[in-house]
Amino acid sequence: MAKPKTFKKQHHSSSSYISVPSHIIASISLLSQQKPTKPISKHPSFKLKNPILILLCLLILALFISLNIHFNLLNTHSPVPLISHLPRRFIPMEVKIDEKDTLLNADEETDSGSFWGDVDGMGYKGCLGFSREYRKASEAGTTRERRRYLMVVVSGGLNQQRNQIVDAVVIARVLGAALVVPVLQVNMIWGDESEFSDIFDLEHFKSVLADDVRIVSSLPSTYLRKRPVEASQTPFHASPRWLQQHYGPRLRRDGLLLIRGLDSRLSNDLPSDLQKLKCKVAFHAFKFAPRILELGNRLAKRMQSHGPYLALHLRMEKDVWVRTGCSPGLSPEFDEIIESERRRHPELLTAKSNMSSHERKLAGLCPLNALEVARLLKALDAPSDARIYWAGGQPLGGKETLLPLTRDFPQLYNKEDLALPGELEPFAKKASIMAAIDYIVCEKSDVFMPSHGGNMGHALQGHRAYAGHKKYITPNKRQMLPYFMNSSLPEAEFNRIVKELHQDSLGQPELRTSKMGRDVTKYPIPECMCNTTGAHSSS
């Protein structure tokens, strides 16, 4: 059967597509070449000499063609372009587009596999029931917040900044101060100068937290000429008591305090109400700016147009290999590039310096490479036709580095593949906004898996748990890597072992209190989620 030709139909700034079967195109073309005044026939008795009869035949034929086109439109037109109808660059060369590969067929194929199956959330739902004491303190804190102001400067990438902003809100609550909209420090690596309101919906942020902490866009005029007192470096795991003892007197005296470097400074073991406040900020107050949210949702719908999809956060950029102290293993030349960069900038190394690259890998401290990701997914029964979205920066060595993955899973796309011409152009030099788009598409995926830990993976782990424990695969690197290196192990046995190692690593409910020091925004049970019918459920 001939493949349908594709015509592009313009709708303002976006594109959609309709398919018209080639036999209809051929009939139209043939019709245009016919000469009705001189019909060709071997049988004189069938000659049409009456012009009215000729016109009637043409009208009937035109009506038949229009009905066929209308039928195709009803079956193919969609407000969101299907994958097979997107620009050609969206479809890898290895993938053959079959006209029978419809949305319905794709759903039938993928629903039958266990890979897409839901995780048992054990009935846990978000519930942020603050205590009476907390609510009473909120009502009494308005007067103090009008005389005390906290300014914070947050650093790092998007998700690192999010973590610090969550802590800043809690610190402002502890100190009884209004929080000035956090300043995002320009990152030296990416050079992104985006402000808070460029990335997040500021009015939504203020509104959600109105009963907890007053958020102000700027300082009152009486403070504009006043130089803020900068706090000394906050120690790691600072408790509310420490904050009140060291920052409280300065804030009461001067009315204005500036804090920098909040990364991992606030204790994770906080009173229950403050843990709930952290969840409220992370899962309710943070909302991306409308234009970012719109584009992220649009890309996610394109991935969803053919059924469920998997999202991967691939950590294979040059700076990741440098910071982790691991070797990319691509070739001796690339290994030397990383080692040379590490020697020039030893301060970039965040891993333990007394371990070799091989020792780090065996300890599960290195990112998975493309081949390891592919083998893990195959062992976990991911179908070869699975649609995969990958988030992250350009891998060291370029996209060729991903070939071991695309050979087994050819339908691999990132935001550049999904976007129509011009859609990403406004954000070309905005690394934080690009990361926000990745976050949206990953959060909406049916299954998510990071190739390595990190702030984005941790944020999504908590977000997906709070949303009802959406499937989240945590690679058990330390235990599985010895089997990856055992070339004599049969594939079937390898798959059985790897699947067994991950049966409890799929995003099932896990209590934060089972291991002290865990961040509640990563493990929201029990402070922020409950499974009792009488619990107050957050909206």
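The structure displayed is predicted, hence computed values, not measured ones.

Cut-offs and rules
- Residue numbers restart at each chain and count upward from 1, following the sequence in its written direction.
- In keeping with the predicted nature of the model, local features appear solely for residues at pLDDT of at least 70, side-chain atom pairs appear and are counted solely at 80 or more, and the whole-chain, interface and lining totals rest on all residues.
- Side-chain metrics rest on all non-hydrogen atoms present in the structure, leaving aside hydrogens and water.
- Helix and strand assignments follow DSSP, with helices taken as H or I runs no shorter than four residues and strands as E runs no shorter than two, numbered in order from the N terminus.
- Exposure classes here rest on a 1.4 Å probe applied to the protein chains alone. A residue is buried below 20% of its type maximum, exposed above 50%, and partly exposed in between.
- Contacts are assigned to residue pairs with any non-hydrogen atoms lying within 4.5 Å of each other.
- Methods summary: accessible areas were calculated by the Shrake-Rupley approach with a probe of 1.4 Å, and residue burial reflects only the protein chains presented.
- We call a pair of cysteine sulfur atoms a disulfide whenever their separation is within 2.5 Å.
- Whether two strands pair comes down to DSSP finding at least two bridges between them.
- How sure the predictor is of each residue is captured by pLDDT, a score from 0 to 100.
- Between N or O atoms, a polar contact is any pair within 3.5 Å; within protein, one atom must be a potential hydrogen donor and the other a potential acceptor, and residues adjacent in sequence are included only when both atoms are from side chains.
- Only the six-membered ring of Trp is used, alongside the rings of Phe and Tyr, when aromatic pairs are assigned; centres must lie within 6.5 Å, and planes under 30 degrees apart are stacked while those over 60 apart are edge-to-face, with the rest tilted.
- Only Lys NZ and Arg CZ are tested; either one counts as a charge over a ring when it is within 6 Å of the ring centre and within 35 degrees of the ring normal.
- What makes a salt bridge here is a side-chain nitrogen of Lys or Arg within 4 Å of a carboxyl oxygen of Asp or Glu, nothing more.

Along the protein, the regular secondary structure elements total 22 helices and 15 strands. The buried share among the 539 residues of the protein stands at 48%. Summarising the internal contacts of the protein: among those between residues at least 6 apart in sequence, 76% fall at separations of at least 24. Counting only carbon and sulfur atoms, one obtains 55% of the accessible surface of the protein, whose full area is about 28200 Å².

As a further point, take the state of the cysteines. All told, the structure shown has three disulfides when counted by the stated rule. Residue pairing for Cys127: its cysteine sulfur links by disulfide to Cys530, the two sulfurs lying 2.0 Å apart. Here the residue Cys127 occupies a position in the loop between β3 (125–126) and α4 (132–140), and Cys530 occupies one in strand β15 (residues 529–530), the gap between them amounting to 403 residues. For Cys127, a relative accessible area of 8% corresponds to the buried category. The partner cysteine of Cys279 in its disulfide is Cys528, sulfur to sulfur 2.0 Å. Between Cys279 and Cys528, the S-S torsion sits near 90 degrees, and that sign places the bridge as right-handed. Residue Cys279 is located in helix α11 (residues 272–285), and its partner Cys528 is located in the loop between α22 (491–501) and β15; the two are separated by 249 residues in the primary sequence.

Quick look at the pairing of strand β13 (residues 447–450) now. Across the two faces of β13 the burial is the same, with Val447 and Met449 and Phe448 and Pro450 all buried. Relative to β13, strand β10 (residues 309–313) is paired through four bridges, and the arrangement is parallel. Each bridged residue has a counterpart across the sheet, and for His313 the counterpart in β13 is Pro450. Judged from the two bridges that link them, β13 and strand β14 (residues 471–472) form a sheet pairing that is parallel. From the neighbouring strand, Val447 faces β14, where its bridge partner is Lys471.

Atom-level detail of predicted coordinates should not be read off regions where pLDDT is low. Counting all residues, the mean pLDDT for the protein is 81, and 77% of those residues have values of 70 or more. A low-confidence stretch, residues 69–112 stays under pLDDT 50, and its non-local contacts, those more than four residues away or across chains, total 78 contacts. Segment residues 533–539: pLDDT under 50, and 14 contacts once partners within four positions in sequence are set aside and those in other chains are kept.

This next bit is on helix α16 (residues 370–379). In terms of burial, α16 is a largely internal element, eight of the ten residues being buried. Of the positions making up α16, those classed as buried are Ala370, Glu372, Val373, Ala374, Arg375, Leu376, Leu377 and Ala379. Between the side-chain oxygen at the start of α16 and the backbone nitrogen of Leu371 there is a gap of 3.2 Å, and the oxygen is on Asn369.

Here the structure, examined in full by the defined rule, presents 13 aromatic pairs. Aromatic side chains Phe200 and Phe286 sit 4.9 Å apart centroid to centroid with 40 degrees between the ring planes, which places their arrangement in the tilted category. With Phe200 in the loop between α7 (196–199) and α8 (202–208) and Phe286 in the loop between α11 and α12 (290–304), this residue pair connects regions lying 86 residues apart in the sequence. Judged by its relative accessible area of 3%, Phe200 is buried. Centroid distance Phe484 to Phe494: 5.0 Å. Interplanar angle 80 degrees. Geometry classified as edge-to-face. Note that Phe484 is positioned in helix α21 (residues 477–484) and Phe494 in helix α22, a separation of ten residues in sequence. What makes Phe484 buried here is its relative accessible area of 11%. Three or more aromatic residues joined by ring pairs make a cluster, and in this case those are Phe196, Phe200, Phe205, Phe286, Phe288 and Tyr439. Here the basic side chain of Arg162 rests over the ring of Tyr439, its NZ or CZ set 4.7 Å away from the ring centre. Here the basic side chain of Arg518 rests over the ring of Tyr523, its NZ or CZ set 4.1 Å away from the ring centre.

A few words now on the pattern of salt bridges. Applying the stated criterion across every chain yields a total of 26 salt bridges. The partner of Arg260 in a salt bridge is Glu230, with the nearest N and O atoms 2.9 Å apart. One end of the pair, Arg260, is in strand β9 (residues 256–260); the other, Glu230, is in strand β8 (residues 229–230), and 30 residues separate them in sequence. Overall, the relative accessible area of 41% leaves Arg260 in the partly exposed class. Relative accessible area serves as the criterion here: at 43%, Glu230 is assigned to the partly exposed category. Residue Glu336 is joined to Arg343 by a salt bridge in which the shortest nitrogen-to-oxygen separation is 2.8 Å. Residue classification places Glu336 among the partly exposed positions, given a relative accessible area of 42%. Given a relative accessible area of 55%, Arg343 falls into the exposed group.

Another aspect to go through is the environment of Arg375. Note that Arg375 resides in helix α16. Along the primary structure Arg375 and Val498 are separated by 123 residues, whereas in three dimensions their C-alpha atoms are 9.5 Å apart. Separated by 3.4 Å, the side chain of Arg375 and the backbone oxygen of Phe484 make a polar contact.

In space, the five strands of this open sheet follow the order β12-β11-β10-β13-β14, with parallel pairing throughout. In this open sheet, the two edge strands, each paired with only one partner strand, are β12 (412–413) and β14. Across five bridges, the pairing between β10 and strand β11 (residues 387–391) is parallel. In the sheet register, Leu310 faces β11, and the bridge partner there is Ile388.

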